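Observations on the model geometry
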Amino acid sequence: MQLTDLPTPSLVLDLDRVERNCAAMLERARQHGVTLRPHLKTAKSADLARLASSGPTWPITVSTLTEVAYFAAHGFRDMTYAVGIAVHKLDTLAALHRKHGLVLRLLADQVATIDAVGRRAAELEARFELLIEIDCGGGRGGVTADGRELLELARAISAWPSLSLVGVLTHAGQSYATAGAGSIAAIAETERSSALRAATRLREAGFESPVVSIGSTPTVVWAATLAGVTEIRPGVYTLFDLDQVALGVCTVEDIAASVIATVIGHNPRSRRVLIDAGALALSKDQSANAFAEDLGYGLVATVDGARVMAGLRVAEVHQEHGLIAGPEPVDGAGTDDLFARLPIGARVRILPQHACMTTAPYGHYDLVRGESSEIIARWHKASGHTVTTSDWSPT
Ligand code: PLP
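Residues numbered from 1 in each chain as written. Predicted model: local features only at pLDDT ≥ 70, side-chain atom pairs only at ≥ 80, totals over all residues. Heavy atoms only, no water.

Things to note about helix H5 (residues 111–123)
When the terminal C-alpha atoms of H5 are compared, their 18 Å separation across 13 residues agrees well with the 18 Å that a helix rising 1.5 Å per residue should span. Within the sequence span of H5, burial applies to Ile114, Val117, Gly118 and Ala121. Each buried residue of H5 lies within a common arc of 100° when the element is viewed along its axis, so the set occupies one face. Exposed side chains of H5 directed beyond 90 degrees from the buried face belong to Ala112 and Glu123. On its buried face, H5 is in contact with helix H4 (90–100), strand E5 (103–108), strand E6 (128–134), helix H6 (149–158) and strand E7 (163–170). Once H5 finishes, Glu125 follows within two positions and takes phi at roughly 55°, a positive value. (Helix = DSSP H or I, 4+ residues; strand = E, 2+ residues; numbered from the N terminus. Expected span 1.5 Å × (residues − 1). Buried < 20%, exposed > 50% of the residue type's maximum accessible area, 1.4 Å probe, protein only. Arc of directions from axis to C-beta. Contact = heavy atoms within 4.5 Å.)

Take a look at the structure:
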């Protein structure tokens, strides 16, 4: 099968690039002497996880119940669920835990949540490992490394025999608000030192904190040192995207996931080329535009991925329509050139703004290698938030 045989829109993965991205991060982890626990919320694929993680326990990070069920069903046993836990998820998690013999680490930053989780876990006769979430400046979840809440949370966890405290976790989400190696490295240092400070305070107060878990892709790429850190959890590096290019974390040649679309129309009034990949196929994310020239909702490349088509971007998206614009026309110029470059029926490859958002709704990837148009494999992936009883029932 060839790229031209795929229905459009289709999600395509360049296996050469995935292998390169995964190998580079494993090597980075090895050089820093830390465990790589890749965040699979980006790729949601067991095949990819086997390239991104490594033995003997194949640790991974996930962000939904669906991902826990999917990766457990594909043989992964060591997972950190890196979104603050909600107690109603415990029944499903306990069943998956029992069925697959998982090591499942949960995240909390509220005493009330810990008490509810401890109580429900006891009722379910389950035991969970807990990480305390640290806010190192991103302003999302977590408590500060220096605040009194940290030790209150540790005491609350210790009060429940159904829970055990295993350490601290932080994610420097603020690394997405700055660009360039120097400023990202400064945030990486804040991320590292906050996590280490929290773990040290716990240890000094007599609590166990073997795990010091940090990571976003920008910070682990540019961190000067990871001293004291035990594991890193980058995720988007597996696929990379225009946002990471704009932040200075990778190049366009590292982007592994893209969307194949068909040209379905020409509109001379709006000077737009219509494709059958809109907001649902590409997402409405435009994060890269804060640090780059206007990349619209994605850059247009030739269908074989060999080159980005100069000046072409998806300028507008509707649910199932994408509208490609060319460079601003010189006075009096028509649209002949733009329409000739993209004739009706032609196929294009769209490089995504934010790989996590673009790939999430798709059920599989079709794989190619480099500029070859031959589809060499199909990798199924998790998507959505629905966990069916058959995913976790003990039978
Ligand atoms: N850990 C947590 C808790 C996250 O929320 C994320 C991403 O949102 C990551 C790790 C991975 O970071 P990145 O997407 O920069 O690779």
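Now that the structure has been shown, we can carry on.
What about the packing of H5 against H6?
Contact pair H5 / H6: the axes reach a minimum separation of 9 Å and the direction vectors enclose 10°. Here H5 is positioned roughly parallel relative to H6, judged by the angle of their axes. Every residue of H6 that contacts H5 at Val111, Ile114 and Asp115 is listed here: Glu152, Leu153, Ala156 and Ile157. Considering only residue class, the contact of H5 with H6 consists of five nonpolar, no polar and two charged. (Axes fitted to C-alpha atoms, helices over the stretch in contact; angles between N-to-C directions. Parallel < 35°, antiparallel > 145°, perpendicular 65-115°, else oblique. Nonpolar A, V, L, I, M, F, W, Y, C, P; charged D, E, K, R; others polar.)

Quick notes on the site of the ligand
What surrounds the ligand is a group of 14 residues, the closest being Arg140, Tyr176, Thr217, Gly235 and Val236. Separating an oxygen atom of the ligand from a side-chain N or O atom of Thr217 is a distance of 2.6 Å. Measuring from a nitrogen atom of the ligand, one finds a side-chain N or O atom of Arg233 at 3.0 Å. Contact with the protein chains hides 92% of the accessible area of the ligand, taken as 390 Å² for the molecule alone. When atom positions are compared with the pocket grids, the ligand is found to occupy the largest pocket. (Near = heavy atom within 4 Å. Polar contact = N/O pair within 3.5 Å; in protein donor to acceptor, adjacent residues only side chain to side chain. Areas by Shrake-Rupley, 256 points an atom, 1.4 Å probe, with all protein chains shown as cover. 1 Å grid on protein atoms, 1.4 Å probe; cavity = no way out; pocket = protein on both sides within 12 Å on 5 of 7 lines; lining within 4 Å. Sits in = over half its atoms within 2 Å of the grid points.)

So, the environment of Asp304
Within the element layout of this structure, Asp304 appears in the loop between strand E12 (299–302) and strand E13 (308–317). Given a relative accessible area of 23%, Asp304 falls into the partly exposed group. For Asp304 and Asn289, which are 15 residues apart along the polypeptide, the C-alpha to C-alpha distance reads 25 Å. Contacts of Asp304, omitting those with residues within four sequence positions, involve Leu3, Arg349, Gly370, Glu371 and Ser373. Within the structure, Asp304 has its side chain in polar contact with the side chain of Thr302 (distance 2.7 Å).

Topic: the pairing of strand E16 (residues 364–368)
For E16, the tally of buried residues reaches four of five residues, placing the bulk of the element in the interior. Judged from the three bridges that link them, strand E1 (residues 10–14) and E16 form a sheet pairing that is parallel. Following the sheet pairing, Leu13 is matched in E16 by Leu367. The sheet contact formed by E16 and strand E17 (residues 377–380) spans four bridges and is antiparallel. Paired with Leu367 across the strands is Ala377, a residue of E17. (Pairing = 2+ DSSP bridges.)

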